[in-house]
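# Structure assessment
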There are 2 protein chains.
Amino acid sequence: MTKIITISRQFGSGGRTVGRKLAEKLGIPCYDAEIIQKISEKSGYSKEYIEEQSESEAGGLFGSFGTAELYGYSGKLTIWSNQCRIIEELAAQGDCVIVGRCADYVLKNREDIELFKVFIYADTKDRIHRIVHEYGETDVKPEKRLREKDKRRKAYYEVYTDQKFGDPLNYDMCLNTSYLGIEGCADLIAGVYREK
Amino acid sequence: MTKIITISRQFGSGGRTVGRKLAEKLGIPCYDAEIIQKISEKSGYSKEYIEEQSESEAGGLFGSFGTAELYGYSGKLTIWSNQCRIIEELAAQGDCVIVGRCADYVLKNREDIELFKVFIYADTKDRIHRIVHEYGETDVKPEKRLREKDKRRKAYYEVYTDQKFGDPLNYDMCLNTSYLGIEGCADLIAGVYREK
């Protein structure tokens, strides 16, 4: 049976790096930015537009309907349906790690897949340190960047999945990189994956 | 440095058994029912009263003040302060596992302790199966027993700690026994503990 690990993650938690290291350890592909690239190819929307739309909090999928919102609504639906199809296609290619994109939700009822759903998070001080040192400083204070991104990611996940973002009950395992380290998290997940 | 593992757990998740097996694997004591026993000895309240008070949702610690509530308030405070002292005393005796009793919160600012905070949860169907088969059937439907106990445990934790019960951010690791198994959870925690 195909074995797929999905990584949901807090912004600045290092979840993306955990996914990459994990895939290296297991010798399987890790899909992350590739998904945005593929949605762009299929839908015709630019990668920037897709990233912006798919983490936009403004009204969620079912916001109020002005003309601009109607356009946004249609765009979001196109992006979401392409995203679901691409995740299904990637899953059909065999064992892999998928970071973000609500893949845990998209694949959750597939009985032909052994799905291992992981949530990666971190202490606030470490998230701030990471976004400043890895993503660079901006005019906006890091605390505010975290708050805004958390709000958007939560709204995005909750609108599309009707599940609570970061609720352990949606996942098989939730790991704090502040305590366990990036490498430690990758090792733990790899260990469970190999035993299944 | 003393290394202590605290296990917070959903009712019916098997968290108590995880704690016991974990302590056996590590050859260290596991404190659970002993804490209630010790509170009873120190405070003079019966074990039943302590269990009932400490998971009572009625008004929390700072409920409305009728005569009965005043008595309840004073009882709760006595129990809570004894509980904190007993947890501190147990921690002073060396490495151990502590199940429940908000020990994660009581010990969280102790710089002389290497604290490893774990949350154990499970899928609803498995929790129902466990409470019916391990704790026995009652007149109350298992779904209702789960809901009521969840509500009480959440209220208890949140009133005393001012933290959200079951929020991954309070813990270093959250494990789903439905996916990982009781033994699997104990092994994972023991592995991390040994590496620290």
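Values in this document were obtained by computation on a predicted structure and should not be read as measured data.

Conventions and cut-offs
Per chain, the residues get numbers from 1 upward, laid out in the order the sequence is written. Written order decides the labels, with chains lettered from A and ligands numbered from 1. For a predicted model such as this one, the threshold for reporting local features is a pLDDT of at least 70, and the threshold for listing and counting side-chain atom pairs is 80 or more; totals across whole chains, interfaces and linings nevertheless cover every residue. Only heavy atoms go into the side-chain values, all of them from the structure, while hydrogens and water stay out. Cavity: a set of points on a 1 Å grid over the protein atoms alone where a 1.4 Å probe fits but cannot get out. Pocket: an open set with protein on both sides within 12 Å along at least five of seven lines, its lining residues, like those of a cavity, having an atom within 4 Å of a point. Grid points are joined across faces, edges and corners, and a volume is the space filled by probe spheres set on the points. Starting at the N terminus, helices and strands are each numbered in turn, a helix being any DSSP run of H or I of at least four residues and a strand any DSSP run of E of at least two. Any residue outside Ala, Val, Leu, Ile, Met, Phe, Trp, Tyr, Cys, Pro, Asp, Glu, Lys and Arg is labelled polar, Gly included; the first ten of those are nonpolar and the last four are charged. Superposition of the copies was done by least squares, using only C-alpha atoms of residues whose pLDDT is at least 70 in both. It only takes one pair of heavy atoms within 4.5 Å for two residues to be counted as in contact. Strand pairing is assigned whenever DSSP detects at least two bridges linking the two strands.

Moving on to empty space enclosed by the protein. All names here are of chain B. Counted by the stated rule, this structure contains seven cavities of 30 Å³ or more. Size it by volume and the largest cavity reaches roughly 110 Å³. Around the largest cavity, the lining is made up of eleven residues, and of these Arg9, Gly100, Arg101, Cys102 and Tyr157 lie nearest the centre. Put simply, the parts of the chain that give the lining of the largest cavity at least two residues each are strand S1 (2-9) and helix H7 (142-161). Looking at the lining of the largest cavity, the element that brings in the most residues is H7, giving three residues. Looking at the lining of the largest cavity residue by residue, the classes come out as four nonpolar, two polar and five charged.

On to unusual backbone geometry, then. Residue and element names in this part refer to chain A. Positive phi outside glycine occurs at Arg101, with the angle close to 60°. Looking at the element boundaries, Arg101 is found in the loop between strand S3 (96-99) and helix H5 (103-106). Its identity is not glycine, yet Cys102 carries a phi of approximately 55°, on the positive side. Inspection of the secondary structure assignment puts Cys102 in the loop between S3 and H5.

In this section: the relation of the copies chain A and chain B. Superposition record for chain A on chain B: RMSD 0.0 Å, screw rotation 180°, translation along axis 0.0 Å. Taken together, the turn and the small shift mark the pair as related by a two-fold rotation axis. When C-alpha distances to the rotation axis are compared across chain A, the minimum falls at A:Cys174, with a value of 2.4 Å. Most of the interface of chain A is mirrored in chain B, where 100% of its interface residues again form contacts.

It is worth spelling out the sheet that holds S3(A) at this point. Taken in spatial order, the ten strands of this open sheet run S2(A)-S3(A)-S1(A)-S4(A)-S5(A)-S5(B)-S4(B)-S1(B)-S3(B)-S2(B), and their pairing is mixed. The strands lining the two open edges of the sheet, one partner per strand, are strand S2 (30-31) of chain A together with strand S2 (30-31) of chain B. Looking at chain direction, strand S1 (residues 2-9) of chain A and S3(A) are connected through four bridges and run parallel. Its bridge partner being in S3(A), A:Ile5 is matched across the sheet by A:Val97.

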